[in-house]
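# Report on the structure
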Amino acid sequence: MAPASIEGPSKEGDQQASSTVNMAALELDTHCPYSILPSILFQMNSDKDMDRLNKVGGAGGLAKGLVTDLHAGLNESPAAAAADGLATAAASELGSVEAHRKAYGENKFPEKPPPNFFMMLLEAAKDPMIIILLIVAIVTIVLGAAVPEQRAHQGWSEGLAVLGTALIVIFLGAGQDFSKERQFQKLNALKDVIDVKVTRGGKQVLVPNTEVVVGDIMFLDTGDKVIADGIVIDSQGLVLDEASLTGESDPIKKDPVSDPWVRSGTTVNEGSGHMLVLAVGVHSEWGKTMALVNEAGDDETPLQEQLTDVAAKVSKMGVLVAVVCFLALLIKWLIVTGGGDIDKINDNGPLQFLLYAITITVVSIPEGLPLAVTLTLAYSMKKMMKDNNFVRVLSACETMGGATAICSDKTGTLTENRMTVVEGWFAGTAYPQVPEGSVLGPQVLELLKWNCAMNNKAFLVDQESGVTDFVGNRTECALLVLLRKLGFDYKQLREEREADQIKLYGFSSARKMASVLLRERAAGGNLRLYNKGAAEWVLRRCVGLARPDGSTEPMTPAKLEEMNALVTGMAKRGLRCICLSYRDYAGSDPARPADFFEDADQVDRDLIAVAIVGIKDPVRKEVPDAVATCQKAGIVVRMVTGDNIHTAQHIARECGLLTTEDAIAMEGPVFRAMPATELIPLLPRLRVLARSSPEDKLTLVSLLKKQGEIVAVTGDGTNDAPALKESDVGLAMGIAGTEVAKEAADIIILDDNFSSIVKSVLWGRAVYMNIRKFLVFQLSINLVAMISAAVGALYGGVPPLNVLQLLWVNMIMDTLAALALATEDPYPELLDDKPHGRSEAIITGLMYTHIVVAALYKLFWLFACLYGLPRVLPAYATLTKGEYYQTMCPEILNDKGVLSTNATLQGDVCNIMGFCGFPQGDIHSDLCVLHNEWLAINTTVPSLQQDAVCNGQFSPTANFSGVVAPGEACVRNTNLESAQRAMDDEWDREYLLSYKPALSVLFNAFILAQVANAFVSRRIGLELNFFKGLAHSPIFNGIMVLITALQVLIMQTPISYIFKVEPLNGPEWGACIAIGIGAIPFSWALRILLRWLLPLTANSSHWLAGLRGSRASNITASGAGPMRQAARTRTLSGGAASANHNRTASGRTLSGPNGGHQDHHRAMSGNPHVVISTQYQGH
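- An unreviewed UniProt entry annotates the chain as Calcium-transporting ATPase originating from Chlamydomonas reinhardtii.
- Entered under Function (unreviewed entry) in the UniProt record, the comment concerning the chain runs "Catalyzes the hydrolysis of ATP coupled with the transport of calcium."
- Check the Sequence similarities (unreviewed entry) section of the UniProt entry for the chain; it says "Belongs to the cation transport ATPase (P-type) (TC 3.A.3) family. Type IIB subfamily."

What follows is the structure, given as structure tokens:
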């Protein structure tokens, strides 16, 4: 049989069609083996062309043309199809998945190009301070090379070294950004990969959305995200939300006749159905839209914003210090040079001062703070994946660390979600375990098998290992397993009655039940409704009970009370109770409205109860410990479930949620009926909210947030999306969660396990703590750099750290330390502290103490080396001007070429400069040649240099021209002035050179102190063990080793010349290491002192009490304290508190399925936990 074909556009429409058909589709046409060409198929899909669809024969005709089967779907391969016994056209080579992928394209979008390292370099080089630094460095190089005198002293070397170091900083920054971007790109790529249900080879299977091809038969269910374009081939109340594409907020009903077109990017609001895939990837409507949209950049996270503010304040202070240093050095230079000397502008002059000021600015700007946040978030996101936390929103990492409340689902999160029917009531008889099928009788089995098989959208996947995987709703999976135990194959049952299915009513959180309407073949076309749902809700709608022989008995009030007692007993044992029921309808009834079966609430009435099954879902073994960890960490865990109050209480006790005497378990109807004024005081005690709706969860989240709580919420259903969005951190379930829930969430818990949520809290606190560690480390260095630079410029005139050394410090601070401290793994002790809440400052009082004390320690040794060392130890004594002129004069004059050919004249001027007071020495000293000359004639030496040198009363000699007139120049004075200029030129250089030994020790000790400070900064509380967990921090250890190794290279190799230091000997290294390591015992002493002081001030308003940095009792920064106080002083009705912990609810009547049944037992199973399951009567 020839496959169906679709005609191309008419001649009149050629021009229009050619303008809209994309070129990629036309390229696919050339190699397409199918009768329906890609360009025509995609065009029909894009235009929603019903005429063309009908012309080809609808879905059946399309399936023929695409060589697929509407029931069996495509085959994985012809061999697989043969093995499955399929003999349809779809079982051929053309019916394979791979053939369709080649012909119609794959379901993937063009990937965002990987980050370009060269572009990253340009971005890193755009920093204004770096640009200015580079310009000044280049000017320094040019002047140092162009001016002969500068060139003689390698005046270009410092500029070249600064240029090289700045380029290294740029490369390192670009490298980190490049690595970060690649990591984010890999993680973001995982966001769009989801599993979808398709039919292949006659079997329903799960495949990644990227593997879906044109011709696939895809199953759509409530909460699913549509990942391809297609047409509906059957619909069970299928309603889609197309707002993402059309902007229309109203959901659209889909069916094969009136509107079969389904678009990728939309979501299923209600119902279910199957669709034939017509377009995937870039050929789908979503793909075309995405091709036109550029991805928006990531917004800053709250923590990044806070740190940007800190960085701005520190930067302003740094700029101020830099300006002060520049002006101080410039003024001093102008005074020394007598108003300035253009020849010395690049010789320890204004150009060097500007370079120094810019470097101070570069060092003081803590650009590493936002970088540290990005690094720690990127690192944490990658590590959190291993802990089954997939982070979709970057800021969720840090927010989760401050969570004060977690509202968790029960099923699958606190429990294993491996549901099993363990007992039940079947047609009048209660069984402690599931009975054999032969015991129940054929009539009961007939009702059970069709209810469990057809009123069900789940399926089971049997693995080769013998393990059965559940796909779909776990309760429905448990019913399928029950069918197997009773001896039925649900797949065969579904195939047998598929054509009889009239309508499927999906589960609704409002109705707490689901139904299916089937046409009965043996009953003359009559209809039978099979219903299942929460037992107490279904029983309220029942008018009878089934008997083993198929007959029924009426549901009397006494019988209803008996059945409710049965359900309560099962629920108290922790079982989920599901009631299976049915009802018959006439095939045709003139009195019945035409739209009667459209309203599920109307259809699900006057039911006959057949069975009540108790489904066991055991608590995960790790959950009680995880809950206890949260409680210890100051996080209140609340269970929010749709289950019966008794089931919820039982599970809550097993989890450790109902452990205090005043803990409350409340039902949803009561919760939503209470006014906020009475509800808010109860919130601190609320631990279980049972029979809740998604609206109740949303209300709870909103109320908690208004009280200042940071709320994390779990969710898996479509209706949970508002609560997930409203919460501070939305946690969607990766296994049981719908795609709508995952889209609304910030973090996806991949294993649906509560213990993984605790790990996300731990990682969140680690992110926050790592940033605080880095702040303590960096700000202490900033403080030292700014104070030392200012003091050096204003007091001593000798900067303790030169430009290149400051850049090395900056590299340690901003790049290496950020990487080291930002990538530390979390440690369990982080959960011993209270959450930081909403309003706590990023820098606490204790952190300020650590910063200031660490800075004081380093400043002490810095100034000790700068000013004390030269005065105490002769080996480090600096050059005085007297020593300079007296000992270095001949050497300097020879180097400068002044009187270098006449040793006698050179010796004469050196004596005058060094011993006669012009400029050094005393003119009356016996060592002064002038003193002896004037003493010979018993005359005092004149104070003026020219007179003293030229007008001596002595006989002319070969060296001197004799007596000259007062004030008149002489050759001797001219020689002296030339020598003085030469000596003045070299003084600053030689003076700084004499500081080199002391400055070398200072620089080395300072860097080693930074290394020690990095270890100290690993713990910023009052802990004494800074090395705990060090074995699990390979990046930190590696960077510390790298910094130390580079420092050794800088100090002990020829590189030392560039950094203006000299190699140190053994004792000097020993002293430097001792000074560096001394930061550790110094910090120990501080912490021991604070440990002693803090308990003394814990109950006072003394400022030391504020050093703790975390709130002692309040969960949040505001609101929680008054909330708890109100809770302690109010009863459930708002009156004064009584001494009785087993509080009643003032005799109010029960709400929910039990109607007016009075519940006098406030404490369940002997536990003094208040249960509120009463109907609130409004005032």
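## Observations concerning unusual backbone geometry
- A cis geometry characterises the amide bond from F918 onward to P919, with omega recorded as 15°.
- In the Ramachandran plot, D606 falls in the positive-phi region, its phi being about 55° despite a non-glycine side chain.
- With respect to the element layout, D606 can be found in the loop between α24 (600–603) and β20 (607–616).
- For D606, a relative accessible area of 41% gives the class partly exposed.

## So, the nonpolar core
- One finds I406, F754, L775, W808, F1003, M1040 and I1043 to be the most contacted residues of the largest nonpolar core, which totals 128 residues.
- At 21 residues, helix α32 (residues 754–796) tops the list of elements feeding residues into this core.
- The residues touching I1043, leaving out its near neighbours within four places in the chain, are W808, I812, L816, I1007 and V1011.

## A look at the pattern of salt bridges
- Under the definition given, this model contains 34 salt bridges.
- Linking R101 and E98 is a salt bridge whose minimum nitrogen-to-oxygen distance equals 2.7 Å. Here R101 and its partner E98 are both found in helix α7 (residues 97–104), three residues apart, which amounts to about one turn of the helix.
- Overall, the relative accessible area of 16% leaves R101 in the buried class.
- Residue E98 is classed as partly exposed on the basis of its relative accessible area of 38%.
- The shortest N-O distance in the salt bridge between R484 and D462 comes to 2.9 Å. With a gap of 22 residues between them, R484 in helix α20 (residues 474–485) and D462 in strand β12 (residues 459–462) connect regions that are remote in the sequence.
- Look at R484 and you get partly exposed, because its relative accessible area is 33%.

## Focus on the state of the cysteines
- Taken as a whole and judged by the stated rule, the model has two disulfides.
- What pairs with C916 in a disulfide is C928, and their sulfur atoms sit 1.9 Å apart. Sign of the S-S torsion, about 110° for the bond between C916 and C928, identifies this disulfide as right-handed. Residue C916 is found in the loop between α37 (903–915) and α38 (929–935), and its partner C928 is found in the loop between α37 and α38; the two are separated by 12 residues along the sequence.
- Here C916 falls in the buried class, since its relative accessible area comes to 1%.

## Here's the deal with the pairing of strand β23 (residues 686–690)
- Burial analysis of β23 places five of its five residues in the buried class, which makes it a mostly covered element.
- Pairing of strand β22 (residues 664–667) with β23 involves four bridges; the strand directions are parallel. Residue pairing across strands places E667 opposite A690, the latter belonging to β23.

## Let's talk about helix α19 (residues 442–454)
- With 13 residues, α19 should cover 18 Å at 1.5 Å per step; its first-to-last C-alpha distance of 18 Å lies within 8% of that length.
- Buried residues dominate α19, accounting for 10 of its 13 residues.
- Within the span of α19, buried status applies to V444, L445, L447, L448, K449, W450, N451, C452, A453 and M454.

## Observations concerning helix α21 (residues 490–497)
- When we look at burial in α21, the residues that qualify are Y490, L493, R494 and R497. End-on, the buried residues of α21 take up no more than an arc of 100°, which puts them together on one face. The outward face of α21, more than 90 degrees from its buried face, is lined by the exposed residues Q492 and E495.
- Buried residues along α21 sit against α19, β12, α20, β14 (501–508) and β15 (513–519).
- The N-terminus of α21 is capped by D489, whose side-chain oxygen sits 3.0 Å from the backbone nitrogen of K491.

## Here's the deal with the confidence of the model for the chain
- Looking at the chain as a whole, its pLDDT mean stands at 78, while 78% of the residues score no less than 70.
- In the model, residues 1097–1169 has pLDDT below 50 throughout and makes 150 contacts with residues more than four positions away in sequence or in other chains.
- Note that residues 1173–1179 has pLDDT below 50 and, in this model, 25 contacts with residues that lie over four places away or in other chains.

## So, the pairing of strand β2 (residues 203–208)
- Taken together, the six bridges between strand β1 (residues 195–200) and β2 define a ladder with antiparallel strand orientation. Paired with D195 across the strands is P208, a residue of β2.
- Between β1 and β2, which follow one another and run antiparallel, lie two residues, and G201 among them has a positive phi close to 60°.

How each quantity is defined
Residues take numbers from 1 onward in each chain, read along the sequence in its written order. Local features in this predicted model are restricted to residues of pLDDT 70 or higher, and side-chain atom pairs are both shown and tallied only at a pLDDT of 80 or more, whereas totals for entire chains, interfaces and linings draw on every residue. The basis for every side-chain value is the complete set of non-hydrogen atoms in the structure, without hydrogens or water. UniProt positions are given in the numbering used here, feature names are shortened, and annotations may be inferred rather than shown by experiment. The secondary structure listing takes helices from DSSP runs of H or I that are at least 4 residues long and strands from runs of E that are at least 2 residues long, numbered from the N terminus. Note on classification: 1.4 Å probe, protein chains only; a residue is buried when its accessible area is under 20% of the maximum for its type, exposed when over 50%, partly exposed between these limits. Definition of nonpolar core: a set of buried residues of the types Ala, Val, Leu, Ile, Met, Phe, Trp, Tyr and Cys, connected through side-chain atoms within 4.5 Å. Working rule for contacts: check all heavy atoms of both residues, and any pair within 4.5 Å makes them a contact. Here, a salt bridge means any Lys or Arg side-chain nitrogen found within 4 Å of an Asp or Glu carboxyl oxygen. Disulfide: a pair of cysteine sulfur atoms within 2.5 Å of each other. Only strands that DSSP links by at least two bridges are regarded as paired with each other. How far a helix is expected to stretch is found by multiplying one less than its residue total by 1.5 Å. Here the arc refers to the directions that run from the helix axis out to each C-beta atom. Pairs of N or O atoms within 3.5 Å make up the polar contacts considered here, provided that, within protein, one atom can donate a hydrogen while the other can accept it, and that residues adjacent in sequence are counted only when both atoms are side-chain atoms. Every residue carries a pLDDT, the predictor's confidence in it, which falls somewhere between 0 and 100.

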